[in-house]
Amino acid sequence: MKFKHAVLFALLAFFISSVSAQTRSFKIVPLGVLGGIDESNLSAYMIAPTSSNNYICLDAGTLHYGIEKAIANKVFTIPADEVLKKYIKGYFISHAHLDHIAGLIINSPNDTNKNIYAFADCINTIKTHYFTPTSWSNFGNEGEAPILNKYTYHVLKPATEITVDNTSLTVTAFPLSHANLTSTAFLVKNKDSYLLYLGDTGSDEIEKSNNLQNLWQTIAPLIKSKQLKAIMIEVSFPDEHPDKSLFGHLTPRLLMAEMDKLRGLSGKAAMKNLNVVITHLKPPVKSIAKIKKQLAAENKLRLHLIYPVQGRVLGF
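Residues numbered from 1 in each chain as written. Predicted model: local features only at pLDDT ≥ 70, side-chain atom pairs only at ≥ 80, totals over all residues. Heavy atoms only, no water.

Caption draft 1: Here's a closer look at the sheet that holds strand β14 (residues 314-315). Spatially, the seven strands line up as an open sheet ordered β6-β5-β4-β3-β2-β1-β14, and their pairing is mixed. Two strands in the sheet have a free side with no partner beyond their single neighbour: β6 (151-155) and β14. As paired strands, strand β1 (residues 26-32) and β14 are joined by two bridges and run antiparallel to one another. Note that in β14 the partner of I28 across the bridge is L314. Where helix α3 (residues 80-87) meets the sheet, it contacts β2 (44-49), β3 (55-60), β4 (88-92) and β5 (114-118), and its direction lies at approximately 75° from that of β4. Of the strands in this sheet, β5 and β6 touch helix α5 (residues 120-130), which is tilted by about 150° from β6. (Pairing = 2+ DSSP bridges. Helix = DSSP H or I, 4+ residues; strand = E, 2+ residues; numbered from the N terminus. Contact = heavy atoms within 4.5 Å. Axes fitted to C-alpha atoms, helices over the stretch in contact; angles between N-to-C directions.)

Next comes the structure, spelled out in C-alpha cells:
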C-alpha cells in the first residue's frame, strides 16, 4: 500500500510539474547578473519561449563564462561554442557601457552572423569605439574598413514593435534615463504573454524624466490582464548611497517608489505577487546583502522578488 501511495504521489507531482511548465511562456538563462566589478558575471540574459531554443540575448556583458555555468547546471547539453553560435539569434543592447557589451565584443571572433538591435546612439558607440581596427576589429556591417560583416545593425525606434529574425518573439524598445545617456527597456512578447527587461535606469525623481512613468502607463494594462509575466529591473546601491552619486541607478527606496507609481496605474491587487527580478546588484557582498534586506523591508506591495543566479534557468 505504501508503494502504491508513493507511485501515485510521484505521478501527481510529475503531472503538476508538467502542467506548470506548459503554462509558462518564457525561459530565462542568466549569463551574468551583477553590475560590476566581477568581469565574469556582468549583465546578460538569454530569453526564449519555453518550448524553443531560439533565444535573444538582452545585454551581453558576460557570454562564454555564463554559458559554461549554465552547462554545469544542465541547462544546456551542447558545448558552449554551439550555444553561442546556434541558440543566440540576436543581441538587444540597452546601452553601450562595457558591463553590458564586453562579452559580445570579446566573443565576436567565434560567433556566427546575427543582428545587433539597439537605439541609434548605442549602435553609433559600438561602431566608433568598439568595432574598429584600432580597438578590436570591425565585425559590424558598417563603420571603419575593413568591414567583416558578421553583425548587422538594426536601429530601434521608441515604442515600435519589431519581429526578431529567426525567433517567434517580438520586441518593443522604450527609452530610459541613465545619467548622461539613454538606456533602454525591452518589452518582449511571446504570443499573448510579455516580459519586461530594463537596462540601467535612474528614477524619474532623480533623473528629472518621465521615461519610467511613460513605461508604467504602457505596461499597466498588461499587469491588470495578467499578461505581463515578470519585470526585470536593476537595483544597484543600498539606500544609504547618496543621490548625487547614483549616476543613473536605483536603490531599494527608489525602486519601491516607482513600483508604487505603477500600482497607481494598475491597482494594488494586480501588483500582488508580481514577479520582479532584481538585476545589476553591485558588489561587494556586504552591499548586496544590505540591498536585499532593504528590499524585503520596503516591499509593502508584496511583490515576488527574485534574485537571479548566473547559469540557473528561470521560468515565467
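Caption draft 2: Representation of the sheet that holds strand β11 (residues 228-234). Spatially, β7-β8-β9-β10-β11-β12-β13 is the arrangement adopted by the seven strands of the open sheet, whose pairing is mixed. Only two strands of the sheet have a single neighbouring strand rather than two, namely β7 (161-163) and β13 (304-306). Averaged over all pairs of adjacent strands, the angle between their axes in this sheet comes to 25°, without regard to strand direction. As defined by bridge partners, strand β9 (residues 181-190) adjoins strand β10 (residues 193-198) across six bridges and the pair is classed as antiparallel. Across the sheet, residue F186 finds its bridge partner in β10, namely Y197.

Caption draft 3: Geometry of the confidence of the model for the protein chain. Here the protein chain shows a mean pLDDT of 94. Residues at 70 or above account for 93%. The model gives residues 6-21 a pLDDT under 50, and that stretch makes one contact with residues more than four places away or in other chains. (pLDDT = per-residue confidence, 0-100.)

Caption draft 4: Main features of unusual backbone geometry. Note the cis peptide between G36 and I37, where omega equals 5°. Structurally, I37 is set in the loop between β1 and β2. A cis geometry characterises the amide bond from A145 onward to P146, with omega recorded as 0°. Tracing the sequence through the fold places P146 in the loop between α5 and β6. In this structure, A179 is a non-glycine residue whose phi angle is positive, near 60°. Mapped onto the fold, A179 is located in the loop between β8 (170-178) and β9. On the basis of relative accessibility, which here comes to 41%, the residue A179 falls in the partly exposed class. (Buried < 20%, exposed > 50% of the residue type's maximum accessible area, 1.4 Å probe, protein only.)

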